[in-house]
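One-letter residues, chain by chain:
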Number of protein chains: 2
Amino acid sequence: MYDVDRVAAALRGVLPSDRVTTAPEDMIVYSYDGTWLVGRPQMAVTPLDAREVAAAVRVAADEHVPIVPRGAASGLAGGAVPAFGGIVVNMTRMNRILDIDRVNMTVVTQPGVVTASLQAAVEREGLFYPPDPASLRQSTIGGNIATCAGGPRCLKYGVTRDYVLGLEAVLPSGEIMRTGARTAKNVTGYDLTHLFVGSEGTLGLVTEATLRLVPLPRARRTVMADFSTVSGAASSVTDVLEAGIVPCAMELMDNTTILLVEEHLHAGLNTRAGALLLIEVDGDPEVVPRQAEEIAAICQQRANGVRLAGDQKEADTLWTARRSVASAFGKLRPHRLGEDIAVPRSKIPEAVERIRDIGIEHDLTIAIFGHAGDGNLHPNILLDLRDEDETSRTLAAAEEIFRVAMQLGGVLSGEHGIGLLKRDYLAENLDPQALAVMRAIKRTIDPQNIMNPGKVLSPN
Amino acid sequence: MYDVDRVAAALRGVLPSDRVTTAPEDMIVYSYDGTWLVGRPQMAVTPLDAREVAAAVRVAADEHVPIVPRGAASGLAGGAVPAFGGIVVNMTRMNRILDIDRVNMTVVTQPGVVTASLQAAVEREGLFYPPDPASLRQSTIGGNIATCAGGPRCLKYGVTRDYVLGLEAVLPSGEIMRTGARTAKNVTGYDLTHLFVGSEGTLGLVTEATLRLVPLPRARRTVMADFSTVSGAASSVTDVLEAGIVPCAMELMDNTTILLVEEHLHAGLNTRAGALLLIEVDGDPEVVPRQAEEIAAICQQRANGVRLAGDQKEADTLWTARRSVASAFGKLRPHRLGEDIAVPRSKIPEAVERIRDIGIEHDLTIAIFGHAGDGNLHPNILLDLRDEDETSRTLAAAEEIFRVAMQLGGVLSGEHGIGLLKRDYLAENLDPQALAVMRAIKRTIDPQNIMNPGKVLSPN
């Protein structure tokens, strides 16, 4: 075991001492992320650039100390929780956008920039960074890269992975590595950029990213439709896509979610609906209104009610309903376990039905919402963590939900990552040979296992 | 050194003997790819499924024999040339499309399916597989995955990488590994799928791929414009993108290419033009014609002449000009070295000018065409390989072209891969730490270095 005083002194030797802390109150702050998991670090550093990150990593390497990257800590899988203690690297002051290149449509950014701030900055230049995790007003680009964050718009635009052209990262050795390029096409050696995206800080600490941008869509329109059944809603999703329209978002809310949101917001949602779809199209101002009407007509064939937002204000009201699910849940029960399975789109009705049965069986409220277009569902189990019995029923239900995802040909995590929360289920969801290759890559790049240890892969 | 007779006997022990060959005439056939590089194997096998591939790889592993995957051998970097001899694995009989899933918009395919056949099959279901390398009527999906193939349409739709959801691959140990899933979103462990895409068969042999599809666009329209200078054409590319239009293709031809194509085809191209742009938009039938007109108007501001194809037949004529560059070059000189650099879009004029100077300096004809939207240029040096002096001038010029790409912030290869052809320049284009990590990954996955040895990474 390392000597905390000695390691802290070594960190103070390479970083200004006001950016190294061992204060107990700081350690408490750095113990949490967006889950209920807790892990106390012994030290934290706040670097300003890659060289400072590298200096901290070299100390960690020399002293065999775990080192855990942390952005806004809004993660939903425990990835930023220092499960084995050690040094937290607080990236929030590496928050500068370094270059927006309007002609080549790229942005170079430090990892601590908040996603929404980056989006606002590029939108001022007429450009668009599409990935839109629900946490975008808190989460950082570094965290988005660590988990390969998604969001509603990923149906049309793809996930974080699809926008990362290159990275600068500090390896577990303390060396600074640059991957990728500023060009959209690049097959110059192995694709390390995309190996690092989604690796949750277990292979290195991202200190800079070059992101691809697209032109800012000039129009958007929203359609809301309510259905008797999830199956009807899911069929309408397929109908729209088969008509050749790719909306930027197709969001699903089940009856439980609708009820809780309506109670919270009084937005005029049909609380008797079995499911609600919120569909957004974006693009050319001349085609978007017509596409919205076509979508409304397609949904009309299966829906009970269809609403086409007349203007952006009305659309914003509808989207507020979707975005307020988390706070709506908080009114019923103080805590929630937010899951993140992805299944083939055609399996959504079966997944929802089986998750509902799991809720009944374990006497739990499970609200389901998600991104219907890409089969990414967020079953949220609502609970009070002070109730031990409810907590253990929640964990049992979560395990059954994972199994449903896998049985339907899906995955444990669509966009939140594996972190600590799903680590013990990873082996069930992966081919043993693939898992063995992942472990071999981790051992090769991080032989001391100091880089965010215990995340993604279990320690053996 | 291995004993060929013993290895061949071992292969005949695990595969039907009519699908194992050591015949000299077969070995000659398997010595080539789309470059002028040559490497003679001693054996070749033609497997029908992953188990047969695995059996052949186990023989190679047991006997320490190089094993080289081969699709249509249309590659342009020497990736399929058996530089160190050994066993060629001919994938062309693993040519079945296993499943087209219309609802979930995925296709599961064996690697030996020709790209154009796969595209035709999914288009019959109203679906679209966008990557379109120029070789699409010869090249196989396995080869496309090996090199992360691109093509004109990648500006809007992305490259092969963006369509691969999951892979089955035989590892150098002979084990069969499955990566990824059928879902668009997936952060379940490290992204091995994208590590294997573009790895040119050096980490394993792809035996099956699950590919993402999109709805088939219902309309397309083509605009051709000719300019006095490459710089004018490049500025129009930026103008169009800044107007918020993302065409599916923006193809550039320089004056040398125009001259040679016109001489070959008599298509009515303006042979005095310094550059020609061929732009295609696709999508909604109601918006595409208007977008084409908008593009024509934008180009008109800088172009000498603009032609808007009235119908698909006229569009096909224009595209035939673009697709026939290779055969047009063959009329002037019997051989060509086709390069594949990518630079930031804004650097295209400077790249073209400097490459032209290189041609003058070395007394060589260099025709330049490429994908202007994403900065991917194909300078083609035309030569006669029987002329030793011209050949050595060509190699010197190619090296200078690589350096131009790197000096302009670009990369050695946009879509052809590194193979043998650019291997010795890789270290100049990569960060040393990134190269070290690539080598470490290669050693970890293929410790015996039997899997397509000598490609991408030089042997040390």
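Here the structure is a predicted model, which is why all the values come from computation and not from measurement.

**Observations regarding the overall build of chain A**
Helix and strand content of chain A: 16 helices and 19 strands. Since a compact globule built from 460 residues should have a radius of gyration of about 23 Å, the 22 Å found for chain A is in line with a globular shape. Projected onto its principal axes, the C-alpha positions of chain A cover 70 × 60 × 40 Å. Considering chain A as a whole, with its 460 residues, one finds that 63% of them fall into the buried category. For chain A, long-range pairs separated by at least 24 residues make up 71% of all intrachain contacts whose partners lie at least 6 apart in sequence.

**Digging into the pattern of salt bridges**
As enumerated under the stated definition, the model contains 57 salt bridges over all chains in all. Asp446(A) serves as the salt-bridge partner of Lys442(A), at 2.7 Å between the closest nitrogen and oxygen. Look at Asp446(A) and you get buried, because its relative accessible area is 2%. For Glu350(B), the salt bridge is made with Arg354(B), and the minimal N-O distance between the two is 3.6 Å. Here Arg354(B) and Glu350(B) lie together in helix α13 (residues 348–361), a separation of four residues that amounts to about one turn. In this structure Arg354(B) comes out as partly exposed when scored by relative accessible area, which is 28%. Here the residues in one salt-bridge network are Lys156(A), Arg220(A), Glu280(A) and Asp282(A), joined through shared partners.

**Comments concerning the sheet that holds strand β8 (residues 164–170) of chain B**
Residues and elements named next belong to chain B. Taking strand neighbours across the sheet as the criterion, the five strands line up as β5-β6-β10-β8-β9 in an open arrangement whose pairing is antiparallel. In this open sheet, the two edge strands, each paired with only one partner strand, are β5 (97–101) and β9 (176–180). Going from strand to strand, the sheet's axes swing by 10° on average, the running direction of each strand aside. The sheet contact formed by β5 and strand β6 (residues 106–109) spans four bridges and is antiparallel. Opposite Asp-101, over in β6, you have Thr-106 as the bridge partner.

**Here we look at the sheet that holds strand β5 (residues 97–101) of chain A**
All names here are of chain A. A sheet is described by the order of its strands in space; here five strands give the open sequence β5-β6-β10-β8-β9, paired in antiparallel fashion. Edge strands, defined here as strands with exactly one partner in the open sheet, are β5 and β9 (176–180). Here the strands of the sheet are splayed against their neighbours by 10° on average, with no regard to which way each runs. Bridging between strand β6 (residues 106–109) and strand β10 (residues 205–212) involves four bridges; their strand directions are antiparallel. Considered in β10, the bridge of Thr-106 is made with Arg-212. In the packing of helix α3 (residues 50–63) onto the sheet, the strands contacted are β8 (164–170), β9 and β10, and the crossing angle to β8 comes to about 45°.

**Things to note about the relation of the copies chain A and chain B**
Rotating chain A by 180° and moving it 0.0 Å along the rotation axis overlays it on chain B with an RMSD of 0.0 Å. What we have between these two chains is a two-fold relation. Here 100% of the contact residues of chain A are again contact residues in chain B; the copies associate through an equivalent surface.

**Quick look at the packing of helix α16 (residues 432–445) of chain A against helix α16 (residues 432–445) of chain B**
Between α16(A) and α16(B), whose axes approach to 10 Å, the crossing angle comes to 135°. The angle between the axes of α16(A) and α16(B) places the two elements in the oblique class. The two elements α16(A) and α16(B) meet at a crossing, and its hand is right-handed. Residues Val437(A), Ala440(A), Thr444(A) and Ile445(A) of α16(A) pack against Val437(B), Ala440(B), Thr444(B) and Ile445(B) of α16(B). Class assignment of the residues belonging to the contact of α16(A) with α16(B) gives a composition of six nonpolar, two polar and no charged.

**Considering the domain arrangement of chain A**
Many structure descriptions define interface size as the accessible area lost when the parts assemble. All names here are of chain A. Under the domain assignment used here, chain A contains domain 1 (4–90), domain 2 (97–215), domain 3 (219–326) and domain 4 (333–407). With centres defined by C-alpha atoms, the gap from domain 2 to domain 3 works out at 29 Å. Counting residues at the interface gives seven residues for domain 2, matched by eight residues for domain 3. When domain 2 packs against domain 3, the two sides together hide about 670 Å² of surface, and 58% of this comes from carbon and sulfur. When the area that domain 2 buries against domain 3 is broken down by residue, the three leading residues are Pro-152, Leu-155 and Lys-156, summing to 72%. In this assembly, domain 2 and domain 3 are joined by one salt bridge. Measuring nitrogen to oxygen at the nearest pair gives 2.6 Å for the salt bridge that ties Lys-156 to Asp-282. At the junction of domain 2 and domain 3, the tally comes to two residue pairs in polar contact (both at pLDDT 80 or more). Split into classes, the residues belonging to the side of domain 2 that touches domain 3 amount to five nonpolar, no polar and two charged.

**Thoughts on the confidence of the model for chain A**
On average, residues of chain A score 96 in pLDDT, and 100% of them are at 70 or above. Both confidence scores are given for the complex: pTM 0.96, ipTM 0.96.

**Points about the interface of chain A and chain B**
Between chain A and chain B, the contact holds 81 residues from the first and 82 residues from the second. Summed over both partners, the interface of chain A with chain B comes to about 6,600 Å²; 60% of that surface belongs to carbon and sulfur atoms. Contact with chain B buries surface across chain A, with Lys185(A), Val187(A) and Tyr190(A) losing the most and accounting together for 16% of the total. The partner of Lys185(B) in a salt bridge is Glu415(A), with the nearest N and O atoms 2.9 Å apart.

**Quick notes on the packing of helix α9 (residues 255–265) of chain A against helix α12 (residues 325–332) of chain A**
All names here are of chain A. Close contact between α9 and α12 brings their axes to 8 Å; oriented N to C, the two are set at 85°. Between α9 and α12, the angle falls in the class roughly perpendicular. Within the contact between the two elements, α9 uses Thr-257, Leu-260, Val-261 and His-264 and α12 uses Val-325, Ser-327, Ala-328, Phe-329, Lys-331 and Leu-332.

**Observations concerning unusual backbone geometry**
Phi at His64(A) takes a positive value of approximately 55°, unusual for a residue other than glycine. Tracing the chain through its elements places His64(A) in the loop between α3 and β3 (67–70). You will see that Glu200(B), though not glycine, has its phi angle at about 55°, which is positive. Within the fold, Glu200(B) resides in the loop between α7 (192–196) and β10 (205–212).

**Topic: the nonpolar core**
Ranked by size, the top nonpolar core spans 195 residues in total, and within it Leu252(A) and Leu252(B) carry the most contacts. Residues contacting Leu252(B), with those up to four places away along its chain left out, are Val230(B), Ala233(B), Ala275(B), Leu276(B), Leu277(B), Ile348(B), Ile368(B), Phe369(B), Gly370(B), Ala372(B) and Leu377(B).

**Comments concerning helix α14 (residues 388–407) of chain B**
For the α-helix, the turn length of 3.6 residues means that residues three or four positions removed from each other point alike. Residues and elements named next belong to chain B. Here α14 spans 29 Å end to end across 20 residues, near enough to the 28 Å set by a 1.5 Å rise per residue. Listed in full, the buried residues belonging to α14 are Glu-390, Thr-391, Arg-393, Thr-394, Ala-397, Ala-398, Ile-401, Phe-402, Val-404, Ala-405 and Met-406. Along its buried surface, α14 packs onto β16 (335–338), β17 (341–342), α13, β18 (365–371), β19 (376–383) and α15 (426–429). The N-capping residue of α14, defined by a side-chain oxygen 3.1 Å from the backbone nitrogen of Asp-389, is Asp-387. Looking one or two residues beyond α14, the residue adopting positive phi is Gly-409, at roughly 80°.

**Quick word on the packing of aromatic side chains**
Residues and elements named next belong to chain B. Applying the stated rule across the entire model yields eight aromatic pairs over all chains. Judged by centre distance (5.9 Å) and plane angle (75°), the ring pair of Tyr-129 and Tyr-163 falls under edge-to-face. A residue pair is termed long-range when its members are at least 10 positions apart, and Tyr-129 in the loop between β7 (127–128) and α5 (141–147) and Tyr-163 in the loop between α6 (154–157) and β8 qualify at 34 residues. For the pair Tyr-129 and Tyr-163, one class covers both residues: buried.

**Quick word on α13(B)**
All names here are of chain B. The terminal C-alpha atoms of α13, which comprises 14 residues, lie 20 Å apart, in line with the 20 Å expected from a rise of 1.5 Å per residue. Structurally, α13 contributes buried residues whose contacts are with α8 (230–242), β13 (249–254), β17, β18, β19 and α14. Two residues or fewer after α13 comes Asp-363, characterised by a positive phi angle close to 55°.

Reading guide: rules and limits
- Along each chain, numbering runs from 1 in the same order as the chain's sequence is written.
- The naming scheme follows written order: chains are lettered A onward, ligands numbered 1 onward.
- The model is predicted, so local features are restricted to residues of pLDDT at least 70 and side-chain atom pairs to those at 80 or more, both for listing and for counting; the totals for chains, interfaces and linings are taken over all residues.
- Side-chain calculation: all heavy atoms of the structure are included, whereas hydrogens and water are not.
- For helices the rule is a DSSP run of H or I covering at least 4 residues; for strands it is a run of E covering at least 2, with both sets numbered from the N terminus onward.
- Just to be clear, the radius of gyration here is over C-alpha atoms, and the globule rule we use is 2.2 Å times residues to the power 0.38.
- Three labels apply to residues, based on accessible area from a 1.4 Å probe with only protein chains included: buried if under 20% of the type maximum, exposed if over 50%, partly exposed otherwise in between.
- We call two residues in contact whenever any of their non-hydrogen atoms come within 4.5 Å of each other.
- Just to be clear on terms, a salt bridge is a Lys or Arg side-chain nitrogen sitting within 4 Å of an Asp or Glu carboxyl oxygen.
- For two strands to count as paired, DSSP must find a minimum of two bridges between them.
- Each axis is a line fitted through C-alpha atoms, taken for helices only over the stretch in contact, and angles between the N-to-C directions span 0 to 180 degrees.
- The copies were overlaid by least squares, fitting only the C-alpha atoms of residues that reach a pLDDT of 70 or more in each copy.
- In what follows, roughly perpendicular refers to angles from 65 to 115 degrees, roughly parallel to angles under 35, roughly antiparallel to angles over 145, and oblique to any angle outside these ranges.
- The handedness criterion is simple: a crossing whose near helix is rotated anticlockwise from the far helix by less than a right angle is left-handed, and one whose near helix is rotated clockwise is right-handed.
- Polar here means any residue outside two lists: the nonpolar Ala, Val, Leu, Ile, Met, Phe, Trp, Tyr, Cys and Pro, and the charged Asp, Glu, Lys and Arg; Gly therefore counts as polar.
- A domain assignment, automatic or from a database, supplies the domain bounds used here.
- In this description, buried area is defined as the sum, over both parts, of the accessible area (probe of 1.4 Å) that is lost when the two are combined.
- A 3.5 Å cut-off defines polar contacts: any pair of N or O atoms within that distance qualifies, except that in protein one atom must be a possible hydrogen donor and the other a possible acceptor, and neighbouring residues in sequence count only when both atoms are side-chain atoms.
- The pLDDT value expresses, per residue, how confident the predictor is, ranging between 0 and 100.
- For our purposes a nonpolar core is just a set of buried Ala, Val, Leu, Ile, Met, Phe, Trp, Tyr and Cys residues, chained together by side-chain atoms within 4.5 Å.
- One less than the number of residues in a helix, times 1.5 Å, gives the span that helix is expected to have.
- Ring geometry is summarised as follows: Phe, Tyr and Trp rings, the Trp one being its six-membered ring, pair when their centres sit within 6.5 Å, and such pairs are stacked at plane angles under 30 degrees, edge-to-face over 60 and tilted between the two.

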